[in-house]
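Understanding the architecture of this molecule
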Amino acid sequence: MAIRSDSAGLEKQYLLDMLPAQCKRILEIGCGDGRLTWQYAALADSVVAIDVTPDTLAEALRERPERFCETTSVLEASGVCLPFKSDSFDQALFSLSL
């Protein structure tokens, strides 16, 4: 699968603009290789990034900056049937996941 390039940074900026200031717990659905995850992870107390593709999750874990090891989790899960309680997150986001 070809990776789309966002050289202008519009996707990242749009996501950051949409996150409320009080957002502490983020769920990212369809994180893939974590290309966006690590760009916004510093804004939250915790991030759970999920995807259904084990290979891309392994890449996300390899690329995860050390400073996010304690505050981010990368899990194999589907956005269709989330394995979390309904009040587990302040915000859920996804980009290019559908």
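The model shown is predicted, which means the values in this text are computed figures rather than measured ones.

What follows concerns the packing of aromatic side chains. Two numbers describe a pair of aromatic rings. These are the distance of the centres and the angle of the planes. With the rule as written, the count across this model stands at two aromatic pairs. Residues Trp 38 and Phe 68 carry aromatic rings whose centres are separated by 6.2 Å and whose planes lie at 15 degrees to one another, so their mutual orientation is stacked. Of this pair, Trp 38 sits in helix H2 (residues 37-40) while Phe 68 sits in the loop between helix H3 (54-63) and strand E3 (72-76), placing them 30 residues apart in sequence. A relative accessible area of 13% places Trp 38 in the buried class. An angle of 90 degrees between the planes, with centres 5.1 Å apart, marks the rings of Phe 84 and Phe 89 as edge-to-face.

Below, the discussion takes up the nonpolar core. Grouped together as the largest cluster of nonpolar side chains are 17 residues, with contacts concentrated most on Leu 19, Ile 26, Trp 38, Tyr 40, Val 47 and Leu 93. Going through the elements one at a time, H2, strand E2 (46-51) and H3 are the ones with two or more residues in this core. Aside from chain neighbours lying at most four places away, what touches Tyr 40 is Leu 16, Leu 19, Ile 26, Glu 28, Val 47 and Leu 93. Counting six residues, the second largest nonpolar core, distinct from the first, contains Leu 27, Ile 29, Val 48 and Phe 89.

Thresholds, definitions, all that
Residues numbered from 1 in each chain as written. Predicted model: local features only at pLDDT ≥ 70, side-chain atom pairs only at ≥ 80, totals over all residues. Heavy atoms only, no water. Phe/Tyr/Trp six-rings, centres within 6.5 Å; stacked < 30°, edge-to-face > 60°. Helix = DSSP H or I, 4+ residues; strand = E, 2+ residues; numbered from the N terminus. Buried < 20%, exposed > 50% of the residue type's maximum accessible area, 1.4 Å probe, protein only. Core = buried A, V, L, I, M, F, W, Y, C linked by side-chain atoms within 4.5 Å. Contact = heavy atoms within 4.5 Å.

That is the geometry; function is a separate question.
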